[in-house]
Amino acid sequence: MLYVRAILNVKPDQRDTLLEAAKPCIEATLQEPGCLEYELHTSLSDPNRLVFLEVWESAEHLGPHGKSDHMKAFGKVAAGCLAGPPRIEYITPAKVDVK
């Protein structure tokens, strides 16, 4: 299982534009093979910091996501909305034995 956290810092006047562009991207992504979760959240400390939380069955399932038409369309809109480059982190569960 692969988890992804993508942090987007959005220009305040472009927040609504980005949120609107995210809707069809989220809907399409949830239909992709291997996508288990794909959610967009707002930071409680900064409303212009948006965080995608994703869960994929594997890295192989995530690979085609970035090349999909809906991600390309979202990326074009996001490019004009972001205050800086997104910060993307890939995470896998730690093997911790809890008893």
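In this report, the structure presented in the accompanying data block is examined.

Let's talk about the overall build of the protein
- From N to C terminus, the protein includes three helices and four strands.
- Listing the helices and strands of the protein from first to last along the sequence gives β-α-β-β-α-α-β.
- Structurally, the protein occupies a C-alpha span of about 50 × 30 × 20 Å along its principal axes.
- Going through the 99 residues of the protein one by one, you find that 34% of them count as buried.
- By sequence separation, contacts in the protein at least 24 residues apart represent 70% of the contacts at least 6 residues apart.
- Carbon and sulfur atoms form 56% of the exposed surface of the protein, whose accessible area is close to 6400 Å².
- In the protein, which carries 11 positive and 14 negative side-chain charges, the distance between the mean positions of the two groups comes to 5 Å.

A few points about the packing of aromatic side chains
- A full pass over the atoms with the stated rule returns two aromatic pairs.
- Between Tyr38 and Phe52, the ring centres sit 5.2 Å apart and the planes meet at 40 degrees, which makes this aromatic pair tilted. Residue Tyr38 is found in strand 2 (residues 35-42), and its partner Phe52 is found in strand 3 (residues 49-56); the two are separated by 14 residues along the sequence. The two residues Tyr38 and Phe52 agree in class, both being buried.
- With a centroid separation of 5.9 Å and an interplanar angle of 85 degrees, the aromatic rings of Phe52 and Phe74 are classed as edge-to-face. Of this pair, Phe52 sits in strand 3 while Phe74 sits in helix 3 (residues 69-81), and the two are 22 residues apart along the sequence. Residues Phe52 and Phe74 agree in their burial class; the two are buried.

Remarks on the sheet that holds strand 2
- If you walk across this open sheet you meet the four strands as 2-3-1-4, and the pairing is antiparallel. Two strands bound the open sheet, and with one partner strand each, they are strand 2 and strand 4 (87-91). Here the strands of the sheet are splayed against their neighbours by 15 degrees on average, with no regard to which way each runs.
- Pairing analysis gives five bridges linking strand 1 (residues 2-9) to strand 4, with the strands arranged antiparallel. The residue bridging Ile7 from the neighbouring strand is Arg87, located in strand 4.

Brief notes about a nonpolar patch on the surface
- Residues Met1, Tyr3, Leu36 and Ile91 make up a contiguous nonpolar surface patch of about 350 Å² in total accessible area.
- Inspection of the secondary structure puts Ile91 in strand 4.

Thresholds applied
Residues numbered from 1 in each chain as written. Predicted model: local features only at pLDDT ≥ 70, side-chain atom pairs only at ≥ 80, totals over all residues. Heavy atoms only, no water. Helix = DSSP H or I, 4+ residues; strand = E, 2+ residues; numbered from the N terminus. Buried < 20%, exposed > 50% of the residue type's maximum accessible area, 1.4 Å probe, protein only. Contact = heavy atoms within 4.5 Å. Areas by Shrake-Rupley, 256 points an atom, 1.4 Å probe, with all protein chains shown as cover. Lys, Arg positive; Asp, Glu negative; His and termini not counted. Charge placed at Lys NZ, Arg CZ, Asp CG, Glu CD. Phe/Tyr/Trp six-rings, centres within 6.5 Å; stacked < 30°, edge-to-face > 60°. Pairing = 2+ DSSP bridges. Axes fitted to C-alpha atoms, helices over the stretch in contact; angles between N-to-C directions. Patch = residues over 30% accessible without salt bridge, like charges linked within 9 Å, V, L, I, M, F, W, Y side chains within 5 Å. Salt bridge = Lys/Arg side-chain N within 4 Å of Asp/Glu carboxyl O.

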